[in-house]
Structure formats: structure tokens, C-alpha cells
Amino acid sequence: MITLEGLTKSYKMGKENLVVLKGLNLQVNKGELVAIMGASGSGKTTLLNIVGCLDRPTTGKYYFEDKEVSRLKSSDLARIRGQKIGFIFQTFNLLSRISALGNVELGMTYAGGVNRQRAIEALTKVGLGKRIHHLPLELSGGEQQRVAIARAIVKDPSLFLADEPTGQLDSKSGEEVISILLSLNAEQGTTLVMVTHDASIAHRCKRIIHLKDGEIIGEENI
Amino acid sequence: MRKLLGIFGSVWGGVITHKLRSFLTMLGIVIGVGAVIVLMGVGKGTTESVVSRLSNLGANTLFISPGATQSSGGVRTAFGSANTLTLEDAEAISTDVSNVEAVAPSSSTTVQAIVGVQNMRATVLGVTPSYQPVYNVQMSEGSFISADDYSADAQIAVIGSTVATDLFPSTDPLGQQIRAGNYILTVTGVMQTSGQSISGSTDNDIITPLSTLQLLGGQQLTADGDHVVRTIGIEETDVKDATQVTNDITTLLLQRHNISDPTKADFTITSVEALLASVTSVSNQMTLLLGAIAAISLLVGGIGVMNIMLVSVLERTREIGIRKALGAQESDIWLQFLIEAAFLTFTGGIIGVGLGLGAAYVVNRLNLFTTIVTPDVIILAVSVSIGIGLFFGFYPAWNASRLDPIKALRSE
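Residues numbered from 1 in each chain as written. Chains lettered and ligands numbered in written order. Predicted model: local features only at pLDDT ≥ 70, side-chain atom pairs only at ≥ 80, totals over all residues.

### Observations concerning the overall build of chain A
What counts is decided by this rule: We count a stretch as a helix when DSSP gives it H or I for four or more residues in a row; a strand needs E for two or more, and each element gets its number in order from the N terminus. Both definitions apply: the radius of gyration is a C-alpha atom measure, and the globule rule equals 2.2 Å times residues to the power 0.38. Exposure criterion: with C-beta atoms placed from backbone coordinates, a residue whose C-beta has 20 or more other C-beta atoms within 10 Å is buried, one with 12 or fewer is exposed, and one in between is partly exposed. Once C-beta atoms are placed from the backbone, any two residues with those atoms within 7 Å are in contact.
Per the secondary structure count, chain A includes seven helices and 10 strands. A compact globule built from 222 residues would reach a C-alpha radius of gyration of about 17 Å, and chain A, at 17 Å, matches this within 12%. In terms of overall dimensions, chain A has C-alpha extents of about 50 × 40 × 35 Å along its principal axes. Taking all 222 residues of chain A together, 46% fall into the buried category. Restricting the contact set of chain A to residue pairs at least 6 apart, pairs at least 24 apart contribute 67%.

Below, the structure written as C-alpha cells:
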């Protein structure tokens, strides 16, 4: 599903060259449940952005579904994001002026077309069947994150990427969100790569990758 | 198609969330388009009313007036005041110049017209029967002066509409008598209201045979005993003959007036066609000028649209980031903002058309100007307003589409 070969990413900060990822090699197979752990600044989010086709590596190769995508045009990357990848962000990233249903439908807009029935089904699946017309601000943090999950699952993507999905939630709603994400992997075999600080959440995944200063320093299989 | 519908949904959402801002953005276009419609309407209305007054006479009409329009070092005779044109000149034109349909010499004097207790100051116009076709006189009742009336020096009057209402407020003027100076004229016809036209209004006129006017003592004679007339109206057979007829008349009159140098001519020939052409061209330029002034306000409105769209893109950076993360193509984002700009200006344009039509109607009703709003101006104004949206929305939309999704997502 995902193969990284000697992946580097560096940014120009004035005259300095800031190297964020220093030659990563990684393989994630279809249906895997992977947690990425590391301190702030270890490059987790940058890695997730590249894997999610939001960003391109500076050097190295990235094969997504056996296709080298690191040098694709931005329109092709956008197509992959729209059709194959479901993002879940720490800050939810919902549009505040449209309802939960509207946000889920927005996910479908760029993935082949809106289907209201499926959007409602997706919201029902995350336990928000009765709150589809609420605006994000009328929902709790956990509920907002569940809307974001519904927005991702409605596209039926082959890869879920979650960037600290519980980072802004209390433990109870965080647990709800995590259990939904884990059940997606368990029931439907969807590939899930999740960045997290939380060791207890990481240990519920099948594989943990430890990142430090842009390098993979260790891997655990549980 | 479904994608486009989705984009339209996004556009509508963006517009409706910022109602006040959307309205203010539109306002510039509303005022611009409204101004274009009203000012073009005024320009067109003025042109039309001038042209209709002129063309009432027919383009194939010429007027000969006494006096010269240009001086050539010598003393310039005041236009229209000299006694250089005569009835005999008119007769000579009628017999000697080809392609002349009708010749209508006329002369006038002012009298106090009295009917019972009613009296008014009126112009008595002495004419020949051909006055009617040349000046396109329309009768509301009775008949115009006939050839028989003319040769019989009949003491009859064809009166203008104002004369009819002033002197005969409650009776039918036909067959009634008017005392004009020392003479009694019997009314045989009433003319339709003519309004103001290039040849003056006939509403205040009492028209009588030229031969009868001589009896009233209103006509002067030249040293040779010829009968002085004020104006000679000529109707050409066809407007194409204007140049030939003008040249022939000039030659004939110069010869009759014993003038060898054409620049010293003691008469002036004016053609309605030439007048029409110059009035139309001046008027069209005025319309264009008015339109240009209005277009400037439209341009200012367009810059306002661009300004607001740039702010809107900046404010919605995060939204753009989210959309891109969800798979929006650059073209989707670009289209969304472009359509939003065009939608705002199009709606503004439609409202502006309504406002402009209303204002044009009011201006018309208040008799400030005649306004004529033609469909082509409306279509032009609306398409220009959409064009402005596309033009001024292009750069902000392009800016939005080029945003880096990661940076956009991080922005607050």
C-alpha cells in the first residue's frame, strides 16, 4: 500500500536548510493499523502530509498502491487525496458555516459526487444520525471529530490518515473517536496510519513506529 | 455536472454567510449598471426626440433663408432678416430647377386676433398650398388651403391647436370668424398639435393664403416690386437629389440676385438631411460620453469587487486548505471564487437594471429628460457586469487556487 524509499524532506529557512525527514524507509501493507509516535518536531506530521499527498518529498521515492506518486502533478495528487485518502485532523477542520451533513457532503464533492443518502448513513455510523443538521459549533469536540470521520469514511477511501485525532479531546470523547477508528480497521480492513502522542492509544495499534529527529529509531509489533 | 452543482452550492454558501459584505460588493455594480442604463437612456431619448422633430419634416426638405451664414470680409447680413427672397424666386425655382417636388414660400406678420371677448397675439403665416406637403402639416379637422383658395385670395384661416383652444374655448372653430387686424378670416381648418420643431411650432399660427396676407398689408415689396417672403421650403423628389437641387438653386438665385461671387450669396440653403446627420452625430457622441462616465463608475465597482474577493480569499484560507485536503483541484477552487465574483456582479447587474429602469421612468415622468432604454443597453449592461466579475475575480481566484494546502490548513 505504502512504500517509502530514502524519503527526505527539507525546507529552506532563510539561508539555513532545515532537514525534517532524513531518509526514511518504510513499508505499510494493506489493512495494517500503524501508529507513529515521536516528540514534537520529530517529523511525524510532515511524514503524514507526504503520505497523504498533501506535500512532496524533497528526495526519495514514495509508492502509493504500487505507483510512484512523489513527482506527480498537483492535480493528480489532488485526485488521489479526493478518492483514496481520508484525513482526520487534530483540529477537525470542519467548515463552521455549514451543517454536519454539509461537511460530509463536502467530502463527496471532490470524490465523485454528492449522495445525500450515503452522507446520512455515514453520520449514523459514527452515532450522529440525529444531529446531522447541527453546525459544528453546536457540537462537542468529540462530535465534531466524528463528523470529520464521517466525512472521511463516506468516500470509502483505501487509506485513513489521522493526525493526533484525540489531541484536543477529553479522554471520554477521545475513546469514542479511537474506538470508531479502530473498528473501521477491524471490521472493514481499512488501512489506518495514525500519529499520536498517547502511548496507550498507540499500543492498541498492531505496529508502532518511533520517529526522532526525522529518522525512524525503532519499531514495535504488538 | 454534479461537481459543478457542488461548486454552485459552495458559492451560494459563501455569499449567504457574508450577506452584508456581499450586498456592499454588489452595490458598486448596482450603481454602475443603474447609471449606465439611466444615462444611456437619457442620451438615446434626447437623440430620438431631436431626430423625430427633424424627421417630421422629411429628410428630403431644404430651406432657403435670406441672408448669408458666412461673411467674406464684407458686412455680414443678419441671418433671416434681410429682404432678399421673393415669391418670384420661389416661382423661378419651381419652373427652372428639376427634381423639385414642391416649393413653399411663406411670409408672416404678427397681429392681434380677436373672437368675441377672446383675443390673443398670433402669427399670421401666409403660405401657398404646397406648404402642407413640404412642412408635413397634419389636419385635425377641416382642410388646408387649396389652390382655388389661393388664387381667389380667399379670406380663410387654418389655425393651430393653441389658437383654436384660446380663441374658441367652448365652440367648434370651423366656420367661425376671426378678426385679424382689419380683416375677417373664416376658419376652414384646424391643425394637429405639432409641438416644437426645427421650423418652429405651428400651434400658435393662423395660416392664410400668401395672396391674402398681401391684402392684410403684412408683405413688403422689393425695389423691383417683387414680393418679399421670409422662407422658401423645398421638397425634393428624392433625398439623393439634394446636392443637385442645392447647386441648381444656388446658381439660379445668384443669377436672379445679380451676384457673381458665390461667397457673397444673400441667402442660405439648409438641408434637413445635413441637419439630421450633424444632430445625430453630436447626439450620439453625447450618449457615448454619458455612457463612458457611467462606465467609469462601473469600473470603480469592479475594483471594489476585486478588493472584496481578495479579502474573502484571505479570510477563507483555511477553508481552501480543507477543500484541497479533501481533494479539490486547483480548478475547483479557482472556479468557485470566479463564479462567486461573477454571481455577485451578475446579481448586482440585475438589480442595477431594475434600479436604472425605475430611475429612467421617474426622470421621464418628471419631464426632466426623455429617456429611452433599449433592450440592447440592458443586455450590454448585464453582460458587462458579468464580465467585470470574471475579470476582477480572476486574480483573487487564481490566488486562492495556488495556495499551498498545508500552509492554508495551518492558518487561523
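### Remarks on the pairing of strand β5 (residues 156-159) of chain B
Residues and elements named next belong to chain B. Quick note on the threshold: The pairing criterion for strands is at least two bridges between them, as found by DSSP.
Residues Ile156 and Val158 of β5 are buried on one face, and the alternating residues Ala157 and Ile159, pointing to the opposite face, are buried as well. For β5 and strand β7 (residues 183-191), the ladder comprises four bridges, and the chain directions are parallel. Counted as the bridge partner of Ile156 is Thr186 from β7. With two bridges joining them, β5 and strand β8 (residues 205-209) adopt antiparallel strand pairing. Looking across to β8, one finds that Ile159 is bridged to Ile206.

### Notes on helix α2 (residues 74-84) of chain A
Those residues of α2 of chain A that fall on the buried side of the exposure criterion are Leu77, Ala78, Ile80, Arg81 and Gly82 of chain A. Of the surrounding secondary structure, the elements contacted by the buried residues of α2 of chain A are β4 (59-64) and β6 (85-88) of chain A together with α10 (317-325) of chain B.

### Looking at the sheet that holds β6 of chain A
Hydrogen bonds between backbone groups are what pair the strands of a sheet, and the pairing can be parallel or antiparallel. Residue and element names in this part refer to chain A. This is how it is decided: For helices, the axis comes from a line fit to the C-alpha atoms of the stretch in contact; other axes are also lines fit to C-alpha atoms, and the angle between any two N-to-C directions lies between 0 and 180 degrees.
The mixed open sheet is built from six strands, whose spatial order is β6-β7-β8-β3-β9-β10. This sheet does not close on itself; its edge strands, each paired only once, are β6 and β10 (215-221). Between one strand axis and the next, the sheet turns through 20° on average, direction left out of account. The sheet contacts of helix α5 (residues 141-153) involve β6 and β7 (159-163), and relative to β6 the element is tilted by about 175°.

### Here's the deal with the interface of chain B and chain A
With 18 residues of chain B at the contact, the number on the chain A side is 22 residues. The leading source of residues in the side of chain B that touches chain A is helix α1 (residues 2-17) of chain B, at five residues.

### Some thoughts on the sheet that holds strand β2 (residues 16-28) of chain A
Residue and element names in this part refer to chain A. With antiparallel pairing, the four strands of this open sheet are ordered in space as β2-β1-β4-β5. Each edge of the open sheet carries a strand with a single partner, namely β2 and β5 (67-68). Where strand β1 (residues 2-13) meets β4, five bridges bridge the pair, whose relative direction is antiparallel. Of the residues in β4, the one forming a bridge with Leu4 is Tyr62.

### Quick notes on the nonpolar core
The cut-off we apply is this: Note on terminology: a nonpolar core is a set of buried residues of type Ala, Val, Leu, Ile, Met, Phe, Trp, Tyr or Cys, with members joined through C-beta atoms within 7 Å.
Ranked by internal contacts, the top residues of the largest apolar core, which has 117 residues, are Leu123 and Ala150 of chain A together with Ile37 of chain B. A per-element tally of this core places helix α11 (residues 330-365) of chain B first, with 13 residues. Apart from the residues within four sequence positions on either side, Leu123 of chain A is in contact with Ala100, Leu101, Val104, Leu128, Gly129, Ile132 and Ala150 of chain A. The next biggest cluster of nonpolar side chains, apart from the first, holds 50 residues, and it includes Val97, Ala113, Ile159 and Val272 of chain B.

### Some thoughts on the domain arrangement of chain B
Filter applied, for reference: Domains are outlined according to an automatic or database domain assignment.
When cut into domains, chain B gives domain 1 (2-53 + 278-410) and domain 2 (83-265). Averaged C-alpha coordinates put domain 1 of chain B and domain 2 of chain B at centres separated by 56 Å.

### Some words on unusual backbone geometry
Residues and elements named next belong to chain A. Its identity is not glycine, yet Asp156 carries a phi of approximately 55°, on the positive side. For Asp156, a count of 15 C-beta atoms within 10 Å corresponds to the partly exposed category. In this structure, Glu164 takes a positive phi of about 45° despite not being glycine. Looking at where Glu164 falls in the secondary structure, it is placed in the loop between β7 and α6 (171-188). Under the C-beta neighbour-count criterion, Glu164 is labelled buried, with 20 such atoms within 10 Å.

### Description of the pairing of strand β8 (residues 191-195) of chain A
Residue and element names in this part refer to chain A. Under the convention used in this document: Clockwise travel from the first strand over the helix to the second, with the strands pointing away from the viewer, marks a crossover as right-handed.
Of all five residues in β8, five are buried, a share of seventy percent or more. With burial as the criterion, each face of β8 is covered, one bearing Thr191, Val193 and Val195 and the other bearing Leu192 and Met194. Sheet topology places strand β3 (residues 33-38) next to β8; four bridges connect them, and they run parallel. Bridge assignment links Leu33 to a residue of β8, and that residue is Leu192. Taken together, the five bridges between β7 and β8 define a ladder with parallel strand orientation. Each bridged residue has a counterpart across the sheet, and for Leu161 the counterpart in β8 is Val193. This β-α-β element, β7 to α6 to β8, shows right-handed connectivity.

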